Amino acid sequence: MNRITKKLQEDKKLLSIYFTAGYPEPEDTIQIIKDLEKSGVDFIEIGLPFSDPLADGPTIQESSTKALKRGMTTNRLFQQLEGIRNSVEIPLIIMGYFNPILQYGVEKFCQKCEETGIDGLIIPDLPVDVYNEEYKAIFEAHGLQNIFLITPQTSEERIRFIDSVSNGFIYMVSTASVTGSTKGFSEETKAYFKRIDDMKLKNPQVVGFGIGDNETFQQATQYAKGAIIGSAFIKHLNKTGTGKIADFVHFVKGL
């Protein structure tokens, strides 16, 4: 069973943390993964740095830019991940844009993911129709779940199609704005969370964008299985370095 599927079956609200591979420093990637797992995180999303990240706000964009300037590449990430499954058990997801994956070679990329123990991919700019027609068989042959995003503007018909194609969780974007740009959730956003919950989709939902503390984590998971934090964690790394990761995770969980 895929580790993501197994984790989603646990009877608790799940916390996923996103960080940019190779940031703050190129060799920090593996230690951050290990520290996040020790701190009680349920999933980890490893951001593949890209020069033109459409959905990312300034905090994640800056981390991507710095990681690239310091020599982070797709090849280097896979080299770093070799042997990661000897010490880390929780689900690992690579989040990135399709262009670098296409340049690397989709089949080759998926094969490297399988070899290093990656469980899933989040590719915001890969349309579900294209994935379903051209790439689904490749992803599934390498044991990878592809996670799709929905927003408050996504039609019910589209959401149900995404649900039918998916086999992990659905990434429920809380807002139409970029990452790291909202603070707290409006009543309209909370109504959106409930509306999606009422659809009774076969795949659980995990909320991303706008979560950075215990209050927003609780609000996001009232109707969803879990929540994803990215920009707030990057800001924590900027402020405290890599030595106080557990403090951030405990703060979000209200421990």
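Residues numbered from 1 in each chain as written. Predicted model: local features only at pLDDT ≥ 70, side-chain atom pairs only at ≥ 80, totals over all residues. Heavy atoms only, no water.

## Digging into unusual backbone geometry
Here Tyr 23 and Pro 24 are connected by a cis peptide whose omega angle stands at 5°. By the element assignment, Pro 24 lies in the loop between strand E1 (14–20) and helix H2 (29–38). With phi around 55°, Lys 200 is a residue other than glycine that occupies positive phi space. In this structure, Lys 200 sits in the loop between helix H9 (187–198) and strand E8 (205–208). Even without glycine at this site, Phe 209 takes up a positive phi of about 80°. Relative to the assigned elements, Phe 209 resides in the loop between E8 and helix H10 (214–220). Overall, Phe 209 belongs to the buried group, its relative accessible area being 9%. (Helix = DSSP H or I, 4+ residues; strand = E, 2+ residues; numbered from the N terminus. Buried < 20%, exposed > 50% of the residue type's maximum accessible area, 1.4 Å probe, protein only.)

## Points about the nonpolar core
With 83 residues, the main nonpolar core has Ile 33, Leu 36, Ile 46, Phe 139, Phe 169 and Phe 233 as its most contacted residues. The greatest single-element share of this core, amounting to five residues, is contributed by E1. For Phe 233, the contacting residues outside a window of four places in its chain are Ile 17, Tyr 18, Phe 19, Ile 32, Leu 36, Ile 245 and Phe 248. (Core = buried A, V, L, I, M, F, W, Y, C linked by side-chain atoms within 4.5 Å. Contact = heavy atoms within 4.5 Å.)

## So, the environment of Glu 89
You can see Glu 89 is positioned in the loop between helix H4 (74–81) and strand E3 (92–95). Residue classification places Glu 89 among the exposed positions, given a relative accessible area of 67%. Here Glu 89 is in contact with Arg 3 and Glu 37, once residues within four sequence places are set aside.

## So, the pairing of E3
The two faces of E3 match: Leu 92 and Ile 94 on one face and Ile 93 and Met 95 on the other face are all buried. By the bridge criterion, four bridges tie strand E2 (residues 43–47) to E3 in an arrangement that is parallel. Within E3, the position partnered with Glu 45 by the bridge is Ile 93. One ladder, built from three bridges, connects E3 with strand E4 (residues 120–122); its direction is parallel. The partner of Ile 94 across the bridge, within E4, is Leu 121. (Pairing = 2+ DSSP bridges.)

## What about the environment of Ile 122?
Checked against the element boundaries, Ile 122 lands in strand E4. With 25 residues separating them in the primary sequence, Ile 122 and Tyr 97 have C-alpha atoms 8.2 Å apart. The contacts of Ile 122, once residues within four sequence positions are left out, are Glu 45, Ile 93, Ile 94, Met 95, Gly 96, Asn 146, Ile 147, Leu 149 and Tyr 171.

## Here we look at the UniProt feature "active site" (unreviewed entry) in the protein
According to UniProt, the "active site" (unreviewed entry) feature falls on Glu 45 and Asp 56. Using a relative accessible area of 0% as the deciding quantity, one classes Glu 45 as buried. At 3.2 Å, the side chain of Glu 45 and the side chain of Ser 16 are in polar contact. (UniProt positions renumbered as here; feature names shortened; annotations may be inferred. Polar contact = N/O pair within 3.5 Å; in protein donor to acceptor, adjacent residues only side chain to side chain.)

## Description of the pattern of salt bridges
All chains considered together, the criterion is met by 15 salt bridges. A salt bridge links Arg 70 to Glu 25, with the nearest nitrogen and oxygen atoms 3.9 Å apart. Within this pair, whereas Arg 70 is found in the loop between helix H3 (58–69) and H4, its partner Glu 25 is found in the loop between E1 and H2, the two being separated by 45 residues in sequence. Relative accessible area serves as the criterion here: at 37%, Arg 70 is assigned to the partly exposed category. (Salt bridge = Lys/Arg side-chain N within 4 Å of Asp/Glu carboxyl O.)

## Considerations on the packing of aromatic side chains
Taken as a whole and assessed by the stated rule, the structure comprises 11 aromatic pairs. Arranged with centres 5.6 Å apart and planes meeting at 50°, the rings of Phe 43 and Phe 169 form a pair that is tilted. Of this pair, Phe 43 sits in strand E2 while Phe 169 sits in the loop between helix H8 (156–165) and strand E7 (170–173), and the two are 126 residues apart along the sequence. A single burial state applies to Phe 43 and to Phe 169, both of which are buried. On the numbers, 5.7 Å between centres and 40° between planes, the contact of Tyr 192 with Phe 193 is tilted. Using a relative accessible area of 4% as the deciding quantity, one classes Tyr 192 as buried. Put simply, the rings of Phe 78, Tyr 104 and Phe 109 touch in pairs and so form one group of aromatic residues. Just above the ring of Tyr 104 sits the side chain of Lys 108; from NZ or CZ to the centre is 4.5 Å. (Phe/Tyr/Trp six-rings, centres within 6.5 Å; stacked < 30°, edge-to-face > 60°. Lys NZ or Arg CZ within 6 Å of the ring centre and 35° of its normal.)

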